[in-house]
Amino acid sequence: MPFLMLNRLFFCFALLLWSPAKGTAAKPVEIKKSAVEIPAEYQQRPRVRVAITRSSEAVRISSDSPFHVFDGDGHTLFQGKRLADTAVRASAQGIQLGTQKFSHPPVIVDVGDGKLRIGPRSYRDSLEFFQSEGGRLIVVNEIALDDYLKGVLPLEANPGWTAESLKAQAVVSRTYALFKMIQNRQESYAVSDDVISQVYGGMSHEKPSTTRAVDVTQGEILTYDGKIFSAYFHSTCGGSTTRADFIWPVEPHPALQGGECGFCKESQHSRWRNAWTPAEIQKALARGGHPLPDIRGIHAVDIDASGRARNFEIQYATGKIKVPSNDFRIWMGPMKFKSTLIQTIRFEGGRFIFQGRGWGHGVGLCQYGAKKMGELGYTYKQILDYYFPGARIQKLKSQADLPPAETVQGLQS
Ligand SMILES: [Zn+2]
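Residues numbered from 1 in each chain as written. Predicted model: local features only at pLDDT ≥ 70, side-chain atom pairs only at ≥ 80, totals over all residues. Heavy atoms only, no water.

Focus: the coordination of the zinc ion
Looking at the zinc ion, the protein donor atoms are Cys237 (SG), Cys261 (SG), Cys264 (SG) and Cys366 (SG), and they sit 2.3 to 2.4 Å from it. Around the zinc ion sit 4 donor atoms, and with donor-metal-donor angles ranging over 102 to 117 degrees the site reads as tetrahedral. We note that the donor set of the zinc ion lies within a single chain, spaced as C-x23-C-x2-C-x101-C. Remark: cysteine 366 occurs in strand β22 (residues 365-366) and cysteine 261 occurs in the loop between α5 (244-247) and β16 (271-276); sequence separation between them is 105 residues. A relative accessible area of 4% means that cysteine 261 is categorised as buried. Relative accessible area serves as the criterion here: at 0%, cysteine 366 is assigned to the buried category. (Donors = N, O, S within 2.8 Å, 3.2 Å for Na, K, Ca; no water. Tetrahedral: all angles 85-135°; square planar, octahedral: opposite > 155°, others 65-115°. Helix = DSSP H or I, 4+ residues; strand = E, 2+ residues; numbered from the N terminus. Buried < 20%, exposed > 50% of the residue type's maximum accessible area, 1.4 Å probe, protein only.)

This is the structure we're talking about:
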């Protein structure tokens, strides 16, 4: 396929061009897997551990439901019919729940089918409390994967979008979460509740349309050659998606190669324009570990087949340096520096003015493209095949009573 060949050529060319800035040693970068086998324990009613607080000293919890409090070995510490508003604190001595101190965390509060309030939000199942190495309180909501998704979709997609585009999002979000659960299985939690993983608001944010999208795609995930892969998504690609391995240090993957997207032109993020002073850019680079004097110029370089810059070249008082473009986008603030698909960079009136297309990293599902495809009558399977060519939809084994795995019938077959 010409697009893939072109991509590979660009990749080789970019490698030849790449050289670290003078005085900086190239650090060995760990290349992460893009696809993994699904262990048996993740194929039956998987439960996900979501960190909902990672740096508080204390939170307040309450519940109108009967509750049990356990230690990490499953021994009941106490129980009751209703949990009144109670402070939970982390200290050097352990976890304090109300006036009771527990010196061997974790402490787990379980409400079964009820709901637990923590601050303004409500959560299903259980909350687990323990300390970070620095003594901060970590709160983990352990929950059935599909219940977690019901609290993700309303915040990661628009509940007003068509059923098919929401179903596509449900499958992508489930795949992404399960991949993270397998990848992080040695960690104390699999995902966080913010943009680093997927935004999750608990029960408080659930909406009927997104809950339906999770229910009708129950247990469905994307696989390629029988392995689950990291199914990324982003707001708006701006005309073309790109390769995962061009954005992060991950292995190349056949379903994450990027390609043309003809469906997101109407997105309000299709084009963007923003300006920064050299001093603001200097601060952003310092945040990323590159304290440079006197920023004099910026160029988008090593352009890939999608039109994205793989690197930015920064000219400063005494030299120049190349920085990975997606890192630079994050340091600059991804809400304002929306993409690495840069059309022009001009210096005018003491500011660098960037004009670009799209919002997000540009890998995998383009959400505004999926929205439009849903409106045009495409099914969620066609949407998924368009953005993840060659992938299959498989049901987790716990759904054995439902139809077996089938090939995605799509646009590119
Ligand atoms: Zn798009």
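A closer look at the sheet that holds strand β18 (residues 309-316)
Reading across the sheet, the 3 strands line up as β17-β18-β19 and stay open at both edges, with antiparallel pairing between neighbours. Of all strands in the sheet, those bounded by a partner on one side alone are β17 (295-303) and β19 (319-324). Neighbour-to-neighbour, the strand axes of this sheet turn through a mean angle of 25 degrees, independent of strand direction. This element, helix α7 (residues 325-332), spans β17, β18 and β19 of the sheet and lies at about 90 degrees to β19. (Pairing = 2+ DSSP bridges. Axes fitted to C-alpha atoms, helices over the stretch in contact; angles between N-to-C directions. Contact = heavy atoms within 4.5 Å.)

As for the packing of helix α2 (residues 145-156) against helix α3 (residues 163-183)
Where α2 meets α3, the axes come as close as 10 Å, and the angle between the chain directions of the two elements is 125 degrees. Considered as vectors, α2 and α3 are oriented oblique to each other. Judged by the twist between their axes, the crossing of α2 over α3 is right-handed. Contacts between α2 and α3 involve Leu145, Asp146, Tyr148, Leu149, Val152, Leu153 and Glu156 from the former and Leu166, Gln169, Ala170, Ser173, Arg174, Ala177, Leu178 and Met181 from the latter. Residue classes in the contact of α2 with α3 are distributed as 10 nonpolar, 2 polar and 3 charged. (Parallel < 35°, antiparallel > 145°, perpendicular 65-115°, else oblique. Left-handed = near helix turned anticlockwise from the far one by under 90°. Nonpolar A, V, L, I, M, F, W, Y, C, P; charged D, E, K, R; others polar.)

Regarding the environment of lysine 371
Structurally, lysine 371 is set in helix α8 (residues 367-375). Spatially, the C-alpha atoms of lysine 371 and alanine 157 are 9.3 Å apart, while their sequence positions differ by 214 residues. Apart from the residues lying within four places of it in its own chain, the contact partners of lysine 371 are Trp161, Thr162 and Ser165.

Describing α8
Turning to α8, its buried residues number three or more, namely Gln367, Tyr368, Gly369, Ala370, Met373 and Gly374. At its buried positions, α8 is contacted by α2, α3, β15 (233-234), β22 and α9 (380-387). Glycine 377 occupies a position one or two residues after α8 and carries a positive phi of about 100 degrees.

Describing the packing of aromatic side chains
Evaluation of the coordinates by the stated rule reveals 19 aromatic pairs. Centre to centre, the rings of phenylalanine 67 and phenylalanine 78 are 6.1 Å apart; their planes meet at 85 degrees, and the pair counts as edge-to-face. Placement of phenylalanine 67 in strand β4 (residues 67-71) and of phenylalanine 78 in strand β5 (residues 76-80) is noted, with a sequence separation of 11 residues between them. Ring geometry for tyrosine 148 against tyrosine 200: centres 5.0 Å apart, planes inclined by 50 degrees, an arrangement best described as tilted. Pair noted here: tyrosine 148 is in helix α2 and tyrosine 200 is in the loop between β12 (191-192) and α4 (208-216), with a separation of 52 residues, a long-range link. Assessed through its relative accessible area of 1%, tyrosine 200 is described here as buried. Here a set of aromatic residues connected by ring pairs shows up, and it is made of Trp272, Trp276, Phe312, Phe328, Phe337 and Phe354. Between the NZ or CZ atom of lysine 338 and the centre of the ring of tryptophan 359, over which it lies, the distance is 4.8 Å. (Phe/Tyr/Trp six-rings, centres within 6.5 Å; stacked < 30°, edge-to-face > 60°. Lys NZ or Arg CZ within 6 Å of the ring centre and 35° of its normal.)

Focus on the sheet that holds β16
Taken in spatial order, the 3 strands line up as β16-β21-β20 in an open sheet, and their pairing is antiparallel. Looking at strand neighbours, the two that pair on one side only are β16 and β20 (342-348), the edges of this open sheet. Between one strand axis and the next, the sheet turns through 15 degrees on average, direction left out of account. Of the pairings in the sheet, the one linking β20 to strand β21 (residues 351-357) comprises 6 bridges and is antiparallel in character. Note on β21: the bridge partner recorded for isoleucine 342 is glycine 356. Contacting β16, β20 and β21, helix α6 (residues 278-287) crosses the sheet at an angle of about 95 degrees to β16.

Re the confidence of the model for the protein
Overall, the predicted model of the protein reaches an average pLDDT of 89, with 90% of residues at or above 70. In the predicted structure, residues 1-25 sits below a pLDDT of 50 and forms 26 contacts with residues beyond four places in sequence or in another chain. This stretch, residues 407-413, has a pLDDT under 50; its non-local contacts, to residues over four places away or in other chains, come to 19 contacts. (pLDDT = per-residue confidence, 0-100.)

Some points on unusual backbone geometry
Trans is the prevailing form of peptide bonds, just as negative phi is the prevailing case for residues other than glycine. Cis peptide bonds are those with omega within 30 degrees of zero, and the linkage from proline 105 to proline 106 qualifies with 10 degrees. Tracing the chain through its elements places proline 106 in the loop between β8 (100-102) and β9 (107-118). The phi angle at arginine 45 is positive, at roughly 45 degrees, despite the residue not being glycine. Mapped onto the secondary structure, arginine 45 falls in the loop between β1 (35-36) and β2 (47-56). For arginine 45, a relative accessible area of 70% corresponds to the exposed category. With a phi close to 55 degrees, aspartate 302 is a non-glycine residue in the positive phi region. Mapped onto the secondary structure, aspartate 302 falls in strand β17. Residue classification places aspartate 302 among the buried residues on the basis of a relative accessible area of 13%.

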